[in-house]
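Okay, here's what each chain looks like letter by letter:
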Amino acid sequence: MKLNYGVIGNSCTAALVSDRASIDWLCMPNFDSPSVFASLLDQEKGGSFGFEVGEEYEVTQAYIPHTNILSTTFTSDEGSFAVVDFMPCYRKDHSDENYNPAEVYRYIRLLSGHPKFAVNYQPRPDYARGKTIYNMTEQYIESMSSSNNKDRQYLYSSLPLQDVLDGVVFELEKDEFFLLASNEKVVKIDLEREKMDYCRTLVYWLNWSNMTKKFTHYNDVIERSFLTLKLLSFYNGAVLAALTTSLPETPGEVRNWDYRFCWLRDASMTIETHINLGHTRSAKRFMRFVESTFVGNHNGFQIMYGIRGERDLVEEHLDHFSGYLNSKPVRIGNAAYHQKQNDSFGYLMNLIYQYFSLIPGSLDDVENLWDMVKNIMRTVIDDWRKPDKGIWEIRGEAQHFVSSKVMCWVALDRGVRIASLLEKYDYAKRWREEADKVKDDVWANGWNEQLQSFTQAYGSTSLDSSLLLMEHYGFINADDIYFHKTVKAIKKALFHNGLMYRYNVEDDFGQPKSAFTICTFWLIRALFVTGEKEEARSLFDELLTYSNHLGLFSEDLDFETKEQLGNFPQAYSHLALINTALLFTEEVKSMHL
C-alpha cells in the first residue's frame, strides 16, 4: 500500500482520492469529523467509494492545471472515461464569503467508445464503529451508522441508485455524475447543476492561483505545494498540520498520531509562507482565529487547538481498525495538547511581527494583537528557563531543548521589534534585556566544545535537525563559524542515504527509523546559506523526485525505499518545500495594466 493519493477539498473538509479514483479517506462534514470512508486505515472495515474496471484499463491521474480539481482517466480498447473529483468552492453572489459545503462531486466524463465500470460505494460512517444503514429514495441513497444515526450522508446520481448500490456494471453512453453531501439538498441535483458548480469552482481556483506570486524556476512545484497548503486551511483561519490520523512514521510501530488540529508552530510557519507568496487574506483569517482563541478570556496558551478553538483534544484509540499497514493504535484526538513546548511562541511571534509590518489593520485589530503580544511576552519570560517537551513533542521527561530556548529568544526579539514599531520603548527595553539573557544562556549551556556543535539539549551529546533553524530566525549569522561547525556536525550525524533524521537517539518510543521530510529541506537551506549552493541545489532536485505522482509529500520518508510515511499531505513538508525553492529562484515581476 502506497500513499499514491491526490487531495481535493474546499476549506471545509477534504478527501484522499487514490490513483485509481477510490476515495479512501473522507471525514464529513469537517476535517475533524468522524470518517465516512477510511479504507486508508482498514481496507476491509473502513469503507471506500471507487470504480471497478477490467484489468485491460490503463489509469492515469493529474490535477486540472492551477487547481485542486483532480482528474483520473481510465482507458482501454473498448473506450475511455475520466472521473473528475472536486468539492464546490466559490464566492457567493454579492459577497466576500465562499460557498464551500461538505460535498463531493464526481463527474463521470465520457471520452470515447463504450467504457464499462461498476461502482463500489461502501460508506462506513462514524469511523465504522457501527453497521451502515441505508435508506433508498427516488432522489438519493441516505446512509448512517447504527452507532450514530444523527450523522447522515446523501448520495445523488444520474445513474440508477439501486444499481449503484448493487454494483451493477454500467456501459457509459453519456456524461454522468455523483454528488455526496452531508445534508439533504433542497434544490434539484442534475448534470447541469454539477457543470455549473464545476465551472464556478474551476474559476475560483484559477483566480486563486493567479493571485499567487510567480517565479522563474520551480514555479510548478511551488504552486502545487501552495495549493496543497490551501487545502489544509479551515474556513475560519485555523490551519491543520495534516489531513489524516494515524499514518505511521514507521510501519508496524506506534508513532501514529492524529494531525487534524491546529498547532501554533505549524500554522504560523504555514501562514508565513502564505504572506511570502502574496496571500494576506489567509494571514488575516488566521489572526482572527488566534485572537478569538486568546483575546478576551486570557486563558493560558496551548501548543495546539481544535480547528474551532477547542482546548480539550482527548486522545482515544479505535481498536476495531487494523491501521495503515497494520500499524496500531489508530488514534483520534491528540494527548500532546497539554504539553509545554516553549518554542511555539517564537514561530507565532515571528508571524505576528510580519503581520504588524506588512498588513495594515484597524485600531481594534492592532490593540487586540498588542494585548496578545504582551500576554505572550509574560508567558515567555515566566517559562523560558523551564524544561519543556520541545518541537518533536517528546512524551518522556521534559528537557532544556536548545531549539526551544532559541525560539524563546526569537519570541522576545520579535516582541521588541513590535514594541518599537508601536513606540512602546519601555517594553522594548525590558524585553531586549530578557532576550539577551536567553541568548547568553544558550551560548553558555547549548554549545558543546568537544563536538564543536550546539546540541539537542543542555548537557546532551545528541544532535538535532531543528538546530539548523538558528540562522533562519536570526539567532546566529550564516557566516558565523559556530553555525558552520554546527551544520557540519549535524550533517555528519543525521544525514543518511540522502535524507535527514530529526535526531537518531532513543526516545520514549525507541530509536526513530524514518527520515523527517522537513529536516532535509532545513539542511538544504543551511548548506545554501553557508556557501554550499551547488550541493544544496543537487540535494533539493533529488528530494523533489521522492514526492508521489502528483507532487505531494507526507511527513516522513523511508530511508531505503524513499516511500512516503506518516500523515498526509503534511503542511510542514510543503511549506518547507516552498521556502527552500525560493532560495533558487526569483519572482517574476508582473505588470497590471
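Residues numbered from 1 in each chain as written. Predicted model: local features only at pLDDT ≥ 70, side-chain atom pairs only at ≥ 80, totals over all residues. Heavy atoms only, no water.

Labelled according to an unreviewed UniProt entry, the protein appears under the name Glycosyl hydrolase, family 15, originating from Hoylesella buccalis ATCC 35310.

*Asks:* What am I meant to see in the overall build of the protein here?
*Replies:* Each helix and strand counted, the protein has 14 helices and 28 strands in total. The globule rule puts the C-alpha radius of gyration for 593 residues at 25 Å, and the 25 Å found for the protein is close to it. Among the 593 residues that make up the protein, the fraction classed as buried is 60%. Relative to all contacts within the protein whose residues are 6 or more apart in sequence, the contacts with residues 24 or more apart total 65%. Accessible surface for the protein amounts to roughly 23,300 Å². Of this, 47% is attributable to carbon and sulfur atoms. (Helix = DSSP H or I, 4+ residues; strand = E, 2+ residues; numbered from the N terminus. Rg over C-alpha atoms; globule rule 2.2 N^0.38 Å. Buried < 20%, exposed > 50% of the residue type's maximum accessible area, 1.4 Å probe, protein only. Contact = heavy atoms within 4.5 Å. Areas by Shrake-Rupley, 256 points an atom, 1.4 Å probe, with all protein chains shown as cover.)

*Asks:* What's the story with the UniProt feature "domain: Trehalase-like N-terminal" (unreviewed entry) in the protein in this structure? I'm lost.
*Replies:* Residues annotated by UniProt as "domain: Trehalase-like N-terminal" (unreviewed entry) correspond here to residues 7–139. This span, residues 7–139, is 0% helix and 52% strand, and a straight line between its end C-alpha atoms measures 28 Å. (UniProt positions renumbered as here; feature names shortened; annotations may be inferred.)

*Asks:* What exactly am I supposed to notice about the environment of Asp163 here?
*Replies:* The residue Asp163 is located in helix α1 (residues 161–166) in this model. Through-space distance from the C-alpha of Asp163 to that of Val119 is 8.7 Å; in sequence the pair is 44 residues apart. Excluding anything up to four places from it in sequence, Asp163 contacts Val168 and Phe170.

*Asks:* Got a minute to help me understand the pairing of strand β3 (residues 23–27) in this structure?
*Replies:* Looking down a regular strand, the side chains alternate between one sheet face and the other. Burial analysis of β3 places five of its five residues in the buried class, which makes it a mostly covered element. By the bridge criterion, three bridges tie strand β2 (residues 14–18) to β3 in an arrangement that is antiparallel. Its bridge partner being in β3, Ala15 is matched across the sheet by Leu26. If you look at the hairpin formed by β2 and β3, you'll find four residues sitting between the two strands, and Ala21 has a positive phi there, around 70 degrees. With two bridges connecting them, β3 and strand β4 (residues 35–37) associate as antiparallel partners. Bridge pairing in β4 links Cys27 to Ser35. (Pairing = 2+ DSSP bridges.)

*Asks:* Could you clarify how one ought to interpret the pattern of salt bridges in this entry?
*Replies:* Pairing is possible between side chains of opposite charge, provided their charged atoms come close. Tallied over the full model, the rule gives 27 salt bridges. With its nearest N and O atoms 2.9 Å apart, the salt bridge here joins Asp258 to Arg260. With respect to class, Asp258 is no different from Arg260; both count as buried. The closest approach of N and O atoms between Asp413 and Arg432, which form a salt bridge, is 2.9 Å. (Salt bridge = Lys/Arg side-chain N within 4 Å of Asp/Glu carboxyl O.)

*Asks:* Help me understand the sheet that holds strand β6 (residues 58–63) in this model?
*Replies:* Sheets are built from strands that pair by backbone hydrogen bonding, the pairs being arranged parallel or antiparallel. As summarised here, the arrangement of the eight strands in space is β6-β7-β8-β11-β17-β15-β14-β13, forming an open sheet in which the pairing is antiparallel. For this open sheet the edge positions go to β6 and β13 (132–136), each flanked by a neighbour on one side alone. The sheet shows a mean angle of 20 degrees between the axes of neighbouring strands, direction not considered. The pairing of strand β14 (residues 141–145) with strand β15 (residues 148–157) spans five bridges and is classified as antiparallel. Within the sheet, the bridge partner assigned to Ser143 lies in β15 and is Gln153. (Axes fitted to C-alpha atoms, helices over the stretch in contact; angles between N-to-C directions.)

*Asks:* In this structure, what is going on with the nonpolar core? I would like to understand it.
*Replies:* Side chains of nonpolar character tend, in soluble globular proteins, to be buried together. Formed by 190 residues in total, the largest nonpolar core has its most connected members in Phe117, Phe286, Ile352 and Ile376. When residues in this core are grouped by element, the largest group, eleven residues, is from helix α8 (residues 402–421). Of the domains in this structure, domain 1 (5–209) and domain 2 (212–582) are the two that each give at least three residues to this core. Among residues more than four places away in sequence, those in contact with Phe117 are Phe51, Glu52, Val53, Phe81, Ile108, Leu159, Val168, Val169, Phe170 and Leu172. (Core = buried A, V, L, I, M, F, W, Y, C linked by side-chain atoms within 4.5 Å. Domains from an automatic or database assignment.)

*Asks:* Honestly, the side chain of Thr585 in this entry has me stumped. Any pointers?
*Replies:* With respect to the helices and strands, the residue Thr585 is situated in the segment after α14 (571–581). Residue Thr585 is classed as buried on the basis of its relative accessible area, which comes to 11%. Polar side-chain contacts of Thr585 include one of 3.0 Å to the side chain of Thr216. Within the local environment of Thr585, its side chain forms a polar contact with the backbone nitrogen of His217, the two atoms lying 2.7 Å apart. Each residue touching Thr585, except ones within four places of it in the same chain, is listed here: Phe215, Thr216, His217 and Ile222. (Polar contact = N/O pair within 3.5 Å; in protein donor to acceptor, adjacent residues only side chain to side chain.)

*Asks:* Help me understand unusual backbone geometry, please; the structure alone is not making it clear to me.
*Replies:* The bulk of non-glycine residues show a negative phi, and the bulk of peptide bonds are trans. Here the amide bond leading from Met28 into Pro29 is cis, since omega sits at 5 degrees, within 30 degrees of zero. In this structure, Pro29 sits in the loop between β3 and β4. Not every positive phi belongs to a glycine, and His66 is a case in point at roughly 70 degrees. By relative accessible area, His66 is classed as partly exposed at 38%. Of note, the phi angle at Leu325 is positive, near 55 degrees, even though the residue is not glycine. Taking relative accessible area as the criterion, Leu325 reaches 33% and is therefore assigned partly exposed.

*Asks:* Would you mind showing me how to read the domain arrangement of the protein here?
*Replies:* How big an interface is tends to be reported as the loss of accessible area on association of its parts. When the domains of the protein are assigned, the result is domain 1 (5–209) and domain 2 (212–582). In this structure, domain 1 and domain 2 have C-alpha centres spaced 34 Å apart. Every contact between the two is made by 40 residues of domain 1 and, on the other side, 38 residues of domain 2. Across the interface of domain 1 and domain 2, roughly 3,400 Å² is buried in total on both sides, 60% from carbon and sulfur atoms. A per-residue breakdown of the area domain 1 buries against domain 2 is headed by Phe31, Leu41 and Trp208, which together make up 24% of the total. (Buried area = accessible area lost by both parts, 1.4 Å probe.)

*Asks:* Any chance you could explain the sheet that holds strand β26 (residues 515–516) here in plain terms?
*Replies:* In space, the three strands of this open sheet follow the order β26-β27-β28, with antiparallel pairing throughout. If you trace the sheet from one side to the other, it starts and ends with β26 and β28 (564–565), each paired once. Inspection of the sheet shows strand β27 (residues 556–557) paired to β28 by two bridges, in the antiparallel sense. Bridged to Leu557 within β28 is Gln564.

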